[in-house]
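Letter by letter, the chains look like this.
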Amino acid sequence: MENIIELKNINKSYDGVREVCSNINLEIKKGEFVTLLGPSGCGKSTTLRMIAGFEQPTSGEILLNGESILDLPPNLRPINTVFQRYALFPHLNIYDNIAFGLKLKKLDKNTIKEKVERVLRIVDLEGMEKRPVSTLSGGQQQRIAIARAIVNEPKILLLDEPLGALDLKMRQEMQLELKDMHERLGITFIYVTHDQEEAITMSDKIVVMADGKIQQIGTAEDIYNEPKNVFVADFIGDSNIFNGVMSGKMKVNFLDADFECLDDYPIHSDADVVVRPEDVVVVNDGSGQITGKVDSCIFKGIHYETTVIMGKNEIVLKSTKESKVGDMVNLYIDPDGIHVIPAPKNMNHFEGVITKYHTLNFAGGEITYDVTKLFKGSTHDGKHLFGADGERIHLTDMPITVEIPVEALDMSDDLDESSINGEIISLIYVGDHYRYKVRTENGSDFTIVDEDLWNEFDKVSVLIDSDKINVSVGEKN
Amino acid sequence: MVLPLLVIIYYAFTNAEGEVTIDNFKAFFTSGNTIGTLIYSFVIAFAVTAVCLLIAYPVSYALAVSKAKYRAVLLMLFIIPMWVNFTLRITAVKEILTFVEGSLAFHPFLNTVIGMCYDFLPFMILPIYTSLEKIDVSLVEAAYDLGATGRETFIKVILPLSVPGIISGMTMVFLPSMTNYVVLDMLYNSTYIMGSLIGSYFSAYDWHNGSMISMVLFAIIVVISMITSRFGESDSDERGALL
């Protein structure tokens, strides 16, 4: 089947610094139900708004049936949107709301009437034409919003978190109805949500987004079973994530034990290991790889959620059998249940310059550093740096590359403790600690590990132990 | 609150000897002079309201779509003159008009309308701006999305949704311009407006006729308010705050 819409290398930034969307490449086939899934601020709504035409990409191309639609204003695109809070016209009744688009097309009265009645039957609200929209419940308003969009017979229907304002029961009902409607109408649906369950229930294809980038594209099963990175693993479904290292051919070491796995990566390379709670099995015959103490066991309806502690790590498992708190249990993880994701060594790289006060300026802040380390045998008299040969070395504005291992980094909520301040943009629990991503005001990212739990969007100052960092002169190649 | 009103009602229905009568009203509606003043007041009020609306709508629209940074400044530009004493402002307008036209006597009607518009414009701008600003951006986007051009969006969505603001603004400009005589006095040197007619009766200590005219105006105001409130019924809650 051919692609109905293609997004090619789409970038979007509002102020030229922060990228809301970067390098979005997406192909959607005719008649597909595609969901853009991600936490708030991941760029999914912006992507949708670019397809609708309310936003223009900073660069890139949007093709509809192979032709660029970037020059078309929203009113000329054969695409309709169901808005987050419905956006029904409060001064018009139901009939006039639905007929809005048809009247603009100057269709004759009888055709309009027929079409409106037909979509009202589809959304199950026939006979309510004359009611003002303010008298409708949330669910009914939602249906009218959908009716108003599909009555125009768009090629693509965009839905921006359309069920967000409904209560759980209503939401589940509407999910099934939407899926049903999609099958009956044959229109391509592009759906935006932060609710993973919604995405899994409805979509043919899920596009997981975070931080303005597409993390993974695939069917619900693909994404659940083979997450491409720890973010996806953490976001879709429950998961245990551990720091691991490849310890042999198709062997990975984590939780101080060696496990067989199905992934083949170079020996000694670092990796993140993802284990789904349902893939951890309690065994009685001692055939398991790890042993730990049951910390808690909670009945969840169809299964027990058990937390087992081993050393400083904990692992969560789902089982239909109850375990007694305090008991030692032997756990087995099948190679198929272990997903190894290669993780580059947690090193932060920055480019910066030396200031005239001989401090290092990078990532939007400054730190002090012993600049004599930069040149072998050099000396510093408190004002100038002299090389081994006694010649003065001019440091001001000299470009540098700074490498900071995670061990050298710490965070503080006292923003005056460091001139490098930022905001926590993501966090992931990795076995016995949390891994944070802190974005500074100038858009640089730090990876920081900490045992304590911080919140997303916390403002922190980044503390750098300048003894542990590695600085080299010149820009990185 | 009601007591002074009762006094006015008492005076309106009595004559100098204290007898209850409706002669005051009879005299008003049979005198060409007073009826003429009433009609003339209407004409001025209509003109002022119309001109204010024509100026205020585009201004409010510009305000509502302007960037937040500039919006406060622009809004202040229209509100700050209101902090200056009303008579002083009119005196200033008088100076400007005299300078531009040479003498006020050349365009008395035009001068009056200009003076009143200057005075009442903020009362038209504020409610319209408020109602425009309240319009959910997604409604405008929805209109575009459904195929409306910019003009169609304005006519079919933005304008109807700002009607409550327009009505508040019109009421707030129309009623005071019916009765305001300071402007007329200073820019026209005439007593051809209801307010000044009342004033002239009172300054001549004819409280009975003065009160009678006040009652007539009061009745007119009640009628107009009733008509406009019916118009804006769908959005009566926000109008309540403005009136």
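Quick caveat, the model's predicted, so the values are computed rather than measured.

About the cut-offs
Residues numbered from 1 in each chain as written. Chains lettered and ligands numbered in written order. Predicted model: local features only at pLDDT ≥ 70, side-chain atom pairs only at ≥ 80, totals over all residues. Heavy atoms only, no water. Helix = DSSP H or I, 4+ residues; strand = E, 2+ residues; numbered from the N terminus. Buried < 20%, exposed > 50% of the residue type's maximum accessible area, 1.4 Å probe, protein only. Contact = heavy atoms within 4.5 Å. Areas by Shrake-Rupley, 256 points an atom, 1.4 Å probe, with all protein chains shown as cover. Lys, Arg positive; Asp, Glu negative; His and termini not counted. Charge placed at Lys NZ, Arg CZ, Asp CG, Glu CD. Polar contact = N/O pair within 3.5 Å; in protein donor to acceptor, adjacent residues only side chain to side chain. Salt bridge = Lys/Arg side-chain N within 4 Å of Asp/Glu carboxyl O. Domains from an automatic or database assignment. Buried area = accessible area lost by both parts, 1.4 Å probe. Nonpolar A, V, L, I, M, F, W, Y, C, P; charged D, E, K, R; others polar. 1 Å grid on protein atoms, 1.4 Å probe; cavity = no way out; pocket = protein on both sides within 12 Å on 5 of 7 lines; lining within 4 Å. Points joined across faces, edges and corners; volume = space filled by probe spheres on them. Pairing = 2+ DSSP bridges. Axes fitted to C-alpha atoms, helices over the stretch in contact; angles between N-to-C directions. Core = buried A, V, L, I, M, F, W, Y, C linked by side-chain atoms within 4.5 Å. pLDDT = per-residue confidence, 0-100.

### What to know about the overall build of chain B
Check the secondary structure of chain B and you find 12 helices and 0 strands. Taken from the N to the C terminus, the helices and strands of chain B come in the order α-α-α-α-α-α-α-α-α-α-α-α. Residues counted as buried form 44% of the 243 residues belonging to chain B. Once local pairs closer than 6 in sequence are excluded, the contacts in chain B between residues at least 24 apart make up 71%.

### Remarks on the overall build of chain A
What chain A contains, in helices and strands, is 8 helices and 33 strands. Each principal axis of the C-alpha atoms in chain A carries an extent, and together these give about 95 × 65 × 40 Å. Expressed as a percentage of its 477 residues, the buried residues of chain A come to 51%. Of all intrachain contacts in chain A linking residues separated by at least 6 positions in sequence, the fraction that spans at least 24 positions is 65%. Accessible area for chain A stands at about 22700 Å²; split by element, carbon and sulfur atoms hold 48% of it. A distance of 8 Å separates the average location of the 50 positive side-chain charges in chain A from that of its 78 negative side-chain charges.

### Some words on the side chain of Ser60(B)
All names here are of chain B. If you trace the backbone, Ser 60 turns up in helix 3 (residues 32–65). On the basis of relative accessible area, Ser 60 is assigned to the buried category, the value being 0%. Within the structure, the side chain of Ser 60 is placed 3.5 Å from the backbone oxygen of Ile 125, a separation counted as a polar contact. Each residue touching Ser 60, except ones within four places of it in the same chain, is listed here: Ile 125, Ile 128, Tyr 129 and Leu 132.

### Describing the pattern of salt bridges
If you walk through the whole model with that rule in mind, you get 25 salt bridges over all chains. The partner of Arg435(A) in a salt bridge is Asp272(A), and the shortest N-O contact between them spans 2.6 Å. Here Arg435(A) is found in strand 30 (residues 433–440), whereas its partner Asp272(A) is found in strand 14 (residues 270–275), with 163 residues between them in sequence. The pair formed by Arg435(A) and Asp272(A) is uniform in burial state, with each residue classed as buried. In this structure, the salt-bridge partner of Asp445(A) is Arg439(A), at a minimum N-O distance of 2.7 Å. By relative accessible area, which is 26% here, Asp445(A) ends up partly exposed. Within this structure, Lys12(A), Arg49(A), Glu55(A) and Glu141(B) form a network of salt bridges that share partners.

### Here we look at the domain arrangement of chain A
All names here are of chain A. When the domains of chain A are assigned, the result is domain 1 (3–231), domain 2 (238–342) and domain 3 (347–473). The junction of domain 1 with domain 3 conceals about 520 Å² of combined surface from both sides, 48% of it contributed by carbon and sulfur atoms. Put simply, domain 1 and domain 3 have 2 salt bridges between them. With a shortest N-O distance of 2.8 Å, Asp 211 and Arg 439 are connected by a salt bridge. Joining domain 1 to domain 3, the criterion identifies 1 residue pair in polar contact (both at pLDDT 80 or more). Tallied by class, residues from the side of domain 1 that touches domain 3 come to 3 nonpolar, no polar and 2 charged.

### A few points about the layout of surface pockets
Residues and elements named next belong to chain A. Taken as a whole, the largest pocket holds about 1500 Å³ of empty space. For the largest pocket, the lining is made up of 49 residues, of which Asp 211, Ile 425, Ser 426, Lys 437 and Arg 439 are closest to its centre. When contributions to the lining of the largest pocket are tallied by element, the ones reaching two or more residues are strand 2 (19–29), helix 1 (44–52), strand 10 (213–218), helix 8 (230–235), strand 20 (338–342), strand 29 (421–430), strand 30 and strand 31 (445–450). By residue number, the principal contributor to the lining of the largest pocket is strand 29, which donates 6 residues. Classifying every residue of the lining of the largest pocket gives 18 nonpolar, 13 polar and 18 charged.

### Observations concerning the interface of chain B and chain A
Each partner contributes residues to the interface: chain B has 16 residues there, and chain A has 20 residues. Between chain B and chain A, roughly 1600 Å² of surface is buried when both sides are summed, and carbon and sulfur atoms account for 64% of that area. Three residues, Glu141(B), Asp145(B) and Leu146(B), lead the burial of chain B against chain A; their summed loss comes to 42% of the area buried on that side. At the boundary of chain B and chain A, one finds 1 salt bridge. Note that Glu141(B) and Arg49(A) form a salt bridge whose closest N and O atoms lie 2.6 Å from each other. The interface formed by chain B and chain A contains 6 residue pairs in polar contact (both at pLDDT 80 or more). Counting only elements with at least two residues in the side of chain B that touches chain A, the list comes to helix 7 (137–145) and helix 8 (150–179) of chain B. The element that contributes the greatest number of residues to the side of chain B that touches chain A is helix 7 of chain B, accounting for 7 residues. Along the lines of polarity and charge, the residues of the side of chain B that touches chain A split into 9 nonpolar, 3 polar and 4 charged.

### Some details on the sheet that holds strand 15 (residues 280–283) of chain A
All names here are of chain A. Pairing within the open sheet is antiparallel, and its 5 strands lie in the order 15-19-16-17-18. Where the open sheet ends on each side, the last strands, each with one partner, are strand 15 and strand 18 (313–319). For this sheet, the mean angle separating the axes of adjacent strands, direction not counted, is 45 degrees. The pairing of strand 15 with strand 19 (residues 328–333) spans 4 bridges and is antiparallel. Along strand 19, the bridge assignment pairs Val 282 with Leu 331.

### As for the nonpolar core
Counting 67 residues, the largest nonpolar core has Ile5(A), Phe89(A), Phe100(A), Ile190(A) and Val48(B) as the members making the most contacts within it. Those residues in contact with Val48(B), other than ones at most four positions away along the chain, are Val113(B), Met116(B), Cys117(B), Phe120(B), Val173(B) and Ser177(B).

### Focus on the confidence of the model for chain B
All names here are of chain B. The pLDDT averaged across chain B works out to 79; a share of 82% of its residues lies at or above 70. For chain B, per-element mean pLDDT is lowest for helix 12 (residues 236–242), which scores 39, and highest for helix 7, which scores 93. Within the model, pLDDT remains below 50 along residues 234–243, and this stretch shows 15 contacts once partners closer than five positions in the same chain are excluded. Quick note on the complex model: pTM equals 0.76, ipTM equals 0.73.

### With respect to the pairing of strand 13 (residues 257–260) of chain A
All names here are of chain A. Only one face of strand 13 is buried, namely the one carrying Ala 257 and Phe 259, since none of Asp 258 and Glu 260 on the opposite face is buried. Bridge count between strand 12 (residues 251–254) and strand 13: 4 bridges; the pairing is antiparallel. Counted as the bridge partner of Lys 251 is Glu 260 from strand 13. Between strand 12 and strand 13, which pair antiparallel and follow one another directly, the connecting turn spans 2 residues, one of which, Leu 255, has a positive phi of 50 degrees.

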